[in-house]
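Structural characterization, general
Single-letter residue listing:
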Amino acid sequence: MSKPLKELLKEEREAEASRPPAPVPEPAATAKFTEKDVSLELCSPRSEKSMQVSDFTADSDWSFDLQRLAPVSEEAEKKTTAEKDSDSSKNEAAIPSVKSTESEESSGTSEKSESDELAKSASISPEKCETPPTGKVKLRSNDETPESVAMPGVLMKNQSVDPDFFKDLDVKELSPVGTAMVEEAWERLKKSFVYYRGKPVGTLAAMDPMAEALNYNQVFVRDFFPTGLACLMKDPAEPEIVKNFLLKTLHLQGREKTIDNFTLGEGVLPASFKVLYDSHRAKETLVADFGGSAIGRVAPVDSGFWWIILLRSYTKCTHDYALAELPEVQKGMKLILNLCLSDGFDTFPTLLCADGCSMIDRRMGIYGYPIEIQALFYFALRCAMQMLKPERDGKELLERIDKRITALSFHIQKYYWLDFTQLNNIYRYKTEEYSHTAVNKFNVMPESIPDWVFDFMPLRGGYLIGNVSPARMDFRWFLVGNCIAILSSLATPAQATAIMELIEARWEDLIGEMPLKIAYPALEGHEWRTITGFDPKNTRWSYHNGGSWPTLLWLLTAACIKTGRPGTAKKAIELAETRLSKDGWPEYYDGKTGRYIGKQARKYQTWSISGYLVAKMMVENPSNLLLISLEKDKKIAKPRLTRSTSM
Ligand code: GLC
């Protein structure tokens, strides 16, 4: 079967749009996922011929950003209609269906180069939105679509970066270094496979012969995510390991989880697990860590979310709907979500977390409502909506999910968003406002805005800040939360574009010499002492405290492709290619620009390897994005975002 990609994307949009407003099915309805996703089969990203960025054509519809790839390419812009026509024939992509594996267990650029124009359109501050969504506000593409997806000359106006820096690159050309690295990466990835009773079930976190293993000889759930994606994006796909991983971790969820006489929630998934040979019983067993052995004794909040998101990617790739429909898989999803959706004292739809409950698994002042967890929560909720069957209690759960998605997206889009205008608003906030008319709802003291933000914030661009809670806004930049917000469409299209503009405008700070900074800026001095508790591993510009993590390359690449900026991803990948393999695929780099291999970084870190592979496969075949990206949820009413005229 062969269909042009544009058509496939259109069908995907239509499939999404045809989703009923509320997930209230007929009592006897069969799995919603199966029915709805029949059309998604047509959108299989697997293609015989690798699709190129330049194969895409511009489309005014914002709802799928892949179609906006063309305008970023100067090449593409110069193309005559005739050339475009001939190109469009290249879009023909054969889509062989990937065999389902059997279940083994019972179980516009309107070149506005004037700087005042630039400043005018810079802000998408949600200040104007004072009322919660009513379900009736329709986003107008004019409101949401920044005129310029790529304006290299303009973008750099207040930056110190070479104006030609972000010129789109021809992604068809593979450097010899890249080709050799890709081969090496696959070889190393294969070697990291962990087998349980003869089947691959995950990958070791690292294979550094020179360093003490600690728990790096375990399969980490979050670390496996890019590896799982790599196996799914591979042509032909290798979904078996992903399926086994999903089922084995689910099995571990069923274990009793007790730490010092206290039992954790039933739905918690482990941070990591390992295979042990039990010589008594002469068989292999799986041993899981739910936080009971982890440094700091914190349970991972992100594991369950990554698991749900990976399940959707797996299903999307293989069309093996049977896996998601298994009763135990349905139950597993429900248990994960029940942990997060239970009623309590919360006045926010965001999820309250302990420090160290995610990729940053040490004390780093991310307790409260960290953006990474909120974005993953939103992503997982939306994936679950596609996969949960509405039978029995399912219907009620789907309704709760639906409501939470609406409330969560409103809260994040409005209260976490920071751009030039919003920063200025906060700077001028009044405090001690009482009643529902308060503008400064959380009573944030303007004095708490750190000095660095004023310099860091470009006129054009913005981001979702690290954390929002009473009298506390953590203004730090965290890459995972922002990119996940783009991929899941938690960020509005205008916000997504602004986030990418910020990354480009602050390239030196956020990418530097080695992609990518996990957080910015680093905590130093007194702040480091009080917030990290004198953590010697998290000294300034090291590890989680402003270190640079190559694994994040896949996330940046996916966000770049979704927002029509493949050239930016390519630039970051090329940077990584100058050193990553030579340096032995380190876990992280240290220093303000990420120049130094991390103090305690493991070498041959698996997710550095798979993150690179996924980035490569996405940039070479952008349709791979469909495995991981979600369209904006059309039925979620969003705050009406208007361009600021404050400048
Ligand atoms: C470190 C990281 C964590 C990762 C683990 C295994 O603990 O902080 O995010 O999952 O190593 O690579």
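You'll find the chain entered in an unreviewed UniProt entry as Alkaline/neutral invertase, with Rubus argutus given as the organism. UniProt, in the comment section headed Sequence similarities (unreviewed entry), describes the chain in these words: "Belongs to the glycosyl hydrolase 100 family."

Some details on the overall build of the chain
Broken down by element type, the chain carries 25 helices and 17 strands. Residue burial in the chain is summarised as follows: out of 647 residues, 61% are buried. A total of about 25300 Å² of accessible surface is found on the chain, and carbon and sulfur atoms cover 53% of it.

Focus: the packing of aromatic side chains
For the coordinates displayed, the defined rule picks out 21 aromatic pairs. On the basis of an interplanar angle of 75° and a centroid distance of 5.5 Å, the ring pair of Tyr427 and Phe454 is categorised as edge-to-face. Taken together, the positions of Tyr427 in helix 17 (residues 420-427) and Phe454 in helix 18 (residues 451-456) put the pair 27 residues apart, joining distant regions of the chain. Residue class for Phe454 comes out partly exposed when judged on its relative accessible area of 36%. What links up through ring pairs into an aromatic cluster is the set Trp452, Phe456, Tyr463, Trp477, Tyr520 and Trp541. For the cation-ring pair, Arg472 lies above Tyr367, with the distance from its terminal atom to the ring centre recorded as 4.2 Å. Over the ring of Tyr543 we find Lys537, and its NZ or CZ is 4.2 Å from the ring centre.

A few points about the pairing of strand 9 (residues 283-289)
The sheet contact formed by strand 8 (residues 272-278) and strand 9 spans seven bridges and is antiparallel. Bridge pairing in strand 9 places Leu276 opposite Thr285.

Regarding the packing of helix 10 (residues 221-233) against helix 25 (residues 606-620)
Packing of helix 10 against helix 25 leaves a shortest axis separation of 8 Å and a crossing angle of 40°. Between helix 10 and helix 25, the angle is such that the two are oblique. Handedness of the crossing formed by helix 10 with helix 25: left-handed. Judged by residue contacts, Arg222, Asp223, Pro226, Thr227, Leu229, Ala230 and Met233 of helix 10 engage Thr606, Trp607, Ser610, Gly611, Leu613, Val614, Met617 and Met618 from helix 25. Class assignment of the residues belonging to the contact of helix 10 with helix 25 gives a composition of nine nonpolar, four polar and two charged.

Notes on the pattern of salt bridges
If you walk through the whole model with that rule in mind, you get 17 salt bridges. Residue Glu524 pairs with Arg540 through a salt bridge whose shortest N-O separation is 3.0 Å. Taken together, the positions of Glu524 in the loop between strand 15 (519-520) and helix 22 (525-533) and Arg540 in the loop between helix 22 and helix 23 (553-562) put the pair 16 residues apart, joining distant regions of the chain. Overall, Arg540 belongs to the exposed group, its relative accessible area being 52%. A salt bridge links Glu577 to Lys616, with the nearest nitrogen and oxygen atoms 2.7 Å apart. Separated by 39 residues along the polypeptide, Glu577 in helix 24 (residues 566-579) and Lys616 in helix 25 bring together distant segments of the chain.

Looking at the site of the ligand
The environment of the ligand is made up of Ala205, Tyr216, Phe220, Arg222, Asp223, Met359, Asp361, Tyr543, His544, Glu587, Gln605 and Trp607. Within the backbone of Met359, a nitrogen or oxygen atom sits 2.7 Å from an oxygen atom of the ligand. At 2.8 Å from an oxygen atom of the ligand is found a side-chain nitrogen or oxygen belonging to Gln605. Contact with the protein chains covers 95% of the free accessible surface of the ligand, which is 310 Å². Here the ligand occupies the largest pocket. Its residues assigned to classes, the shell around the ligand comprises six nonpolar, two polar and four charged.

Focus: unusual backbone geometry
With an omega of 0°, the peptide bond between Asp235 and Pro236 qualifies as cis. Residue position: Pro236 is located in the loop between helix 10 and helix 11 (240-253). The phi dihedral of Asp260 falls on the positive side, at around 50°, and the residue is not glycine. Along the chain, Asp260 turns up in the loop between strand 6 (258-259) and strand 7 (262-263). Owing to a relative accessible area of 73%, Asp260 belongs among the exposed residues under this scheme. Although it is not a glycine, Tyr604 adopts a positive phi angle of roughly 50°. With respect to the helices and strands, the residue Tyr604 is situated in the loop between strand 17 (596-597) and helix 25.

What about the sheet that holds strand 5 (residues 219-220)?
Strand order across the open sheet formed by three strands is 5-8-9, with antiparallel pairing between neighbours. The open sheet has two edge strands with one neighbour each: strand 5 and strand 9.

Comments concerning the side chain of Thr532
Its place among the elements puts Thr532 in helix 22. Of the polar contacts made by the side chain of Thr532, one reaches the backbone nitrogen of Phe534; its length is 3.4 Å. At 3.0 Å, the side chain of Thr532 forms a polar contact with the backbone nitrogen of Asp535. Dropping the residues within four chain positions of it, Thr532 is found in contact with Arg363, Met364, Leu523, Glu527 and Asn538.

Examining the layout of surface pockets
A volume near 600 Å³ is recorded for the largest pocket. Around the largest pocket, the lining is made up of 34 residues, and of these Asn215, Tyr216, Phe220, Ile295 and Asp361 lie nearest the centre. Going through the elements one at a time, helix 10, strand 8 and strand 9 are the ones with two or more residues in the lining of the largest pocket. Among the elements that line the lining of the largest pocket, the one with the most residues is strand 9, at three residues.

Description of the packing of helix 15 (residues 371-387) against helix 16 (residues 394-416)
At a minimum axis distance of 10 Å, the contact between helix 15 and helix 16 shows a crossing angle of 145°. Both helix 15 and helix 16 take part in a crossing whose hand is left-handed. Residues Ile371, Gln374, Phe377, Tyr378, Leu381, Arg382, Ala384 and Met385 of helix 15 touch helix 16, and the partners they reach there are Leu398, Ile401, Asp402, Arg404, Ile405, Leu408, Ser409, Ile412 and Tyr416.

Thoughts on the state of the cysteines
Applying the stated criterion to the full structure yields zero disulfides. In this model Cys560 remains outside any disulfide bridge; the closest cysteine sulfur is found in Cys483, 7.5 Å from its own.

Brief notes about the pairing of strand 8
Where strand 5 lies against strand 8, two bridges are found, and the strand directions are antiparallel. By the bridge assignment, Val219 is partnered in strand 8 with Phe273. Connecting strand 8 to the next strand, strand 9, in antiparallel fashion are four residues, including Ala282 with a positive phi near 50°.

Conventions we followed
Within each chain, residue numbers correspond to sequence positions counted from 1 in written order. At least 70 in pLDDT is required for a residue's local features to be given in this predicted model, at least 80 for side-chain atom pairs to be given and counted, and no such filter applies to totals for whole chains, interfaces and linings, which use all residues. The side-chain quantities take in all heavy atoms of the structure and omit both hydrogens and water. UniProt positions are given in the numbering used here, feature names are shortened, and annotations may be inferred rather than shown by experiment. Runs of H or I in DSSP of at least four residues are treated as helices and runs of E of at least two as strands, each being numbered from the N terminus. Residue exposure (1.4 Å probe, protein chains only): buried if accessible area is under 20% of the type maximum, exposed if over 50%, otherwise partly exposed. Residue-level accessible areas treat just the shown protein chains as cover; the underlying method is Shrake-Rupley with a 1.4 Å probe. Ring pairs are drawn from Phe, Tyr and Trp, using the six-membered ring of Trp, whenever the two centres fall within 6.5 Å, and their geometry is named by plane angle: stacked under 30 degrees, edge-to-face over 60, tilted for the rest. In this analysis the charged atom, NZ for Lys or CZ for Arg, is taken to sit over a ring once it is within 6 Å of the ring centre and within 35 degrees of the ring normal. Here, strands pair whenever DSSP counts at least two bridges between them. Helix axes use the C-alpha atoms of the stretch in contact, all axes being lines fitted to C-alpha atoms, and the angles between their N-to-C directions lie in the range 0 to 180 degrees. These descriptions rest on fixed angle ranges, namely under 35 degrees for roughly parallel, over 145 for roughly antiparallel, 65 to 115 for roughly perpendicular, and the rest for oblique. By convention the crossing between two helices is left-handed if the near helix lies anticlockwise of the far one by an angle smaller than a right angle, and right-handed if it lies clockwise. Residues count as neighbours in contact if any of their non-hydrogen atoms are within 4.5 Å of one another. Put simply, Ala, Val, Leu, Ile, Met, Phe, Trp, Tyr, Cys and Pro go in the nonpolar bin, Asp, Glu, Lys and Arg in the charged bin, and everything else, Gly too, in the polar bin. When a carboxyl oxygen of Asp or Glu lies within 4 Å of a side-chain nitrogen of Lys or Arg, that pair is called a salt bridge. In these notes, residues near a molecule or strand are those with any non-hydrogen atom within 4 Å of it. Polar contacts here mean pairs of N or O atoms no more than 3.5 Å apart (in protein, one a potential hydrogen donor and the other a potential acceptor; neighbouring residues in sequence count only if both atoms are side-chain atoms). Both site types are read off a 1 Å grid over the protein atoms alone. A 1.4 Å probe that fits but cannot get out defines a cavity, while an open set with protein on both sides within 12 Å along at least five of seven lines defines a pocket; lining residues have an atom within 4 Å of a point. Assignment to a cavity or pocket requires that more than half of a molecule's atoms be within 2 Å of the site's grid points. Grid points are joined across faces, edges and corners, and a volume is the space filled by probe spheres set on the points. Cysteine sulfur atoms are paired as a disulfide whenever they come within 2.5 Å of each other.

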